[in-house]
Amino acid sequence: MQKIVITICSINYLAQAKTLGDSLMKHNPDYTFLIGLVDRIDASHVDKNLLPPYTLVELHTIGVEDLDEMCARYDITELNTAVKPYFLDYVYQQYPEAQFVHYFDPDIIIYQPLTEVEKGLKDHSLFLTPHTLLAYPDDACSPNERGLLNTGLYNLGFIGTKRSDTTHQFLQWWKDRLFDQCYIDLANGMFVDQLWVNFAPIFYEDVFVSRHLGLNMAYWNLHERQITNDNEPYQVNNQYPLIFFHFSGYSPEKQTEISKYQDRYSFQEKGDVASLFDYYAQALIANGHKELKKCSCYYIKPAAKAPVKRYLRVRKYASMPFRWIIQLIENA
């Protein structure tokens, strides 16, 4: 039985993807790790020595129908999430021996064997982790419950799947929705891939929703989870092993900030997670983050610079002090 983990990113996130892959293989050597690359190596000037030693599956090779249309529609975040079910479906087709195919965001580190996920999938097809299991403090900080009503009850930085009819049906439905409805557009009820999966436990009977506090620990659930020992294997709330931590919104360039998406905690209040972030920053830098982050994505074209209309140039010079106009004429 083959077991696979796939992540998805563009070249600028390959340091994160390598860090994830290294952590997976350290604790789960029986898994195969794949990187779905939303980019093209042949069109990039990336230093090939910085490419991770894992299989890169480039987006243009997986047979997405009307791919150019998708690429023109989305920004880099939307595109990287819109292709998620397409990559998962591709892996099931290309690896017929694969029984488990899990997706992890590249900015995750795995600290344990994934036996808890496999156990949940024994009698289920899909495995989801809620953002939070407890209410937030009633204050003005974020994240908060109102925010999750906009962005989704489940965090799709991770989804576990098992080969089954349910998984096949789910992926076809998800592909259909994300082809042209994977925008960050809260006013119209869209937040990339996540809001759609609110329907999964309703539409499909064999969906497992985990309450394990060591799965998908991240900035959005720090109010209910605490690392209660100093070294690996880490414990959460003295009760659960930390299986994986999601460093969403973290940048090693801003090492004092837990996540750009939250203002509830600093490392002063959450010193229990500081050592995890310290290690993560060092790992990213060692894996080429400073060089790779500069790479632009092949599929995302920069917006064309609007031409300056002639009357605007005339207005600009007409508004200049008279002495500046004289200087322009004299220096012409």
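Anything mentioned here points back to the structure above.
As the structure is a computational prediction, the values presented were derived from the model and not from experiment. (Residues numbered from 1 in each chain as written. Predicted model: local features only at pLDDT ≥ 70, side-chain atom pairs only at ≥ 80, totals over all residues. Heavy atoms only, no water.)

K.L.:
Just to check I follow, could you spell out the packing of helix 1 (residues 14-27) against helix 9 (residues 274-286) for this structure?
P.N.:
If you want to describe how two helices pack, look at the angle between their axes and the distance between the axes. At their nearest, the axes of helix 1 and helix 9 sit 8 Å apart, and the two run at 115° to each other. With respect to the hand of their crossing, helix 1 and helix 9 are arranged in right-handed fashion. Across the interface between the two elements, A15, Q16 and T19 from helix 1 touch Y280, A283 and L284 from helix 9. The residue makeup of the contact of helix 1 with helix 9, split by class, is four nonpolar, two polar and no charged. (Axes fitted to C-alpha atoms, helices over the stretch in contact; angles between N-to-C directions. Helix = DSSP H or I, 4+ residues; strand = E, 2+ residues; numbered from the N terminus. Left-handed = near helix turned anticlockwise from the far one by under 90°. Contact = heavy atoms within 4.5 Å. Nonpolar A, V, L, I, M, F, W, Y, C, P; charged D, E, K, R; others polar.)

K.L.:
Sorry if this is basic, but what is going on with the side chain of K270 here?
P.N.:
Residue position: K270 is located in the loop between strand 13 (244-246) and helix 9. A relative accessible area of 6% means that K270 is categorised as buried. Reaching out from K270, the side chain makes a polar contact with the backbone oxygen of R225 at a distance of 3.0 Å. Excluding its chain neighbours within four sequence positions, the residues that come into contact with K270 are L222, R225, Q226, I258 and Y265. (Buried < 20%, exposed > 50% of the residue type's maximum accessible area, 1.4 Å probe, protein only. Polar contact = N/O pair within 3.5 Å; in protein donor to acceptor, adjacent residues only side chain to side chain.)

K.L.:
Just to check I follow, could you spell out helix 4 (residues 84-94) for this structure?
P.N.:
Structural remark: α-helix, 3.6 residues per turn; residues separated by three or four positions point the same way. Across the 11 residues of helix 4, nine count as buried, placing the element largely inside the fold. Every buried residue of helix 4 is listed here: K84, P85, Y86, F87, L88, D89, Y90, V91 and Y92.

K.L.:
How should the packing of aromatic side chains be read in this particular structure?
P.N.:
To describe a pair of aromatic rings, you give the distance between the ring centres and the angle between the ring planes. On inspection of all chains with the given rule, the structure shows 25 aromatic pairs. When the centroid spacing of 5.1 Å and the interplanar angle of 75° are considered together, the rings of F267 and F277 count as edge-to-face. One end of the pair, F267, is in the loop between strand 13 and helix 9; the other, F277, is in helix 9, and 10 residues separate them in sequence. Exposure class is identical for F267 and F277. Each is buried. Clustering of aromatic rings is evident, with ring pairs tying together F170, W173, W174, W196, F199, F203 and Y204. For R73, the ring lying beneath its charged end belongs to Y74, and the centroid distance is 5.8 Å. (Phe/Tyr/Trp six-rings, centres within 6.5 Å; stacked < 30°, edge-to-face > 60°. Lys NZ or Arg CZ within 6 Å of the ring centre and 35° of its normal.)

K.L.:
Sorry if this is basic, but what is going on with the packing of helix 4 against helix 7 (residues 165-180) here?
P.N.:
Contact pair helix 4 / helix 7: the axes reach a minimum separation of 8 Å and the direction vectors enclose 145°. Classified by chirality, the crossing of helix 7 by helix 4 is left-handed. Of helix 7, the residues touching helix 4 (which contributes K84, P85, Y86, L88, D89 and Y92) are T167, H168, L171, Q172, W174, K175, L178 and F179. When the residues that make up the contact of helix 4 with helix 7 are grouped by side-chain class, the tally is eight nonpolar, three polar and three charged.

K.L.:
Even after reading the chapter, I still don't get helix 7, so can you show me in this structure?
P.N.:
Its 16 residues place the ends of helix 7 24 Å apart at the C-alpha level, agreeing with the 22 Å of an ideal helix rising 1.5 Å per residue. For helix 7, every residue scored as buried is listed here: T166, T167, F170, L171, W173, W174, K175, L178 and F179. Against helix 2 (67-73), helix 3 (76-82), helix 4, strand 6 (126-128), strand 7 (158-161) and helix 8 (200-203) lie the buried residues of helix 7. The N-cap residue of helix 7 is S164: its side-chain oxygen and the backbone nitrogen of T166 are 3.4 Å apart. (Expected span 1.5 Å × (residues − 1).)

K.L.:
Quick question: what am I supposed to make of the environment of Q194 here?
P.N.:
The topology assignment puts Q194 in the loop between strand 9 (190-191) and helix 8. In contact with Q194, other than residues within four places in its own chain, are H131, T151, Y154, N155, L156 and G157. A polar contact is formed between the side chain of Q194 and the side chain of N155, at a distance of 3.3 Å.

K.L.:
How should the pairing of strand 7 be read in this particular structure?
P.N.:
The side chains of a regular strand alternate between the sheet's two faces. Both faces of strand 7 are covered, namely the face carrying F158 and G160 and the face carrying I159 and T161. Two strands pair when backbone bridges link them, and strand 4 (residues 98-104) and strand 7 are joined in this way by two bridges, in the antiparallel orientation. In the sheet register, F104 faces strand 7, and the bridge partner there is F158. As judged from the two bridges shared by strand 6 and strand 7, these two strands associate in the antiparallel manner. In the strand pairing of strand 7, L126 is matched with T161. (Pairing = 2+ DSSP bridges.)

K.L.:
Looking at this model, I keep getting lost on the nonpolar core. Mind explaining?
P.N.:
Core analysis: the biggest nonpolar cluster contains 45 residues, and L59, F87, F170 and W174 have the highest contact counts within it. Ignoring anything within four residues of it in the chain, the contact list for L59 reads L37, V38, D39, V64, L67, V83, F87 and Y299. With 29 residues, the next largest nonpolar core counts I41, I110, I243 and L292 among its residues. (Core = buried A, V, L, I, M, F, W, Y, C linked by side-chain atoms within 4.5 Å.)

K.L.:
Is there a simple way to think about the environment of L88 in this case?
P.N.:
Within the secondary structure, L88 is located in helix 4. Taking relative accessible area as the criterion, L88 reaches 0% and is therefore assigned buried. Taking the C-alpha atoms as reference points, L88 and V5, 83 residues apart in sequence, are found 9.6 Å from one another. Setting aside anything within four residues of it in sequence, one finds L88 in contact with I6, V101, Y103, I159, L171 and W174.

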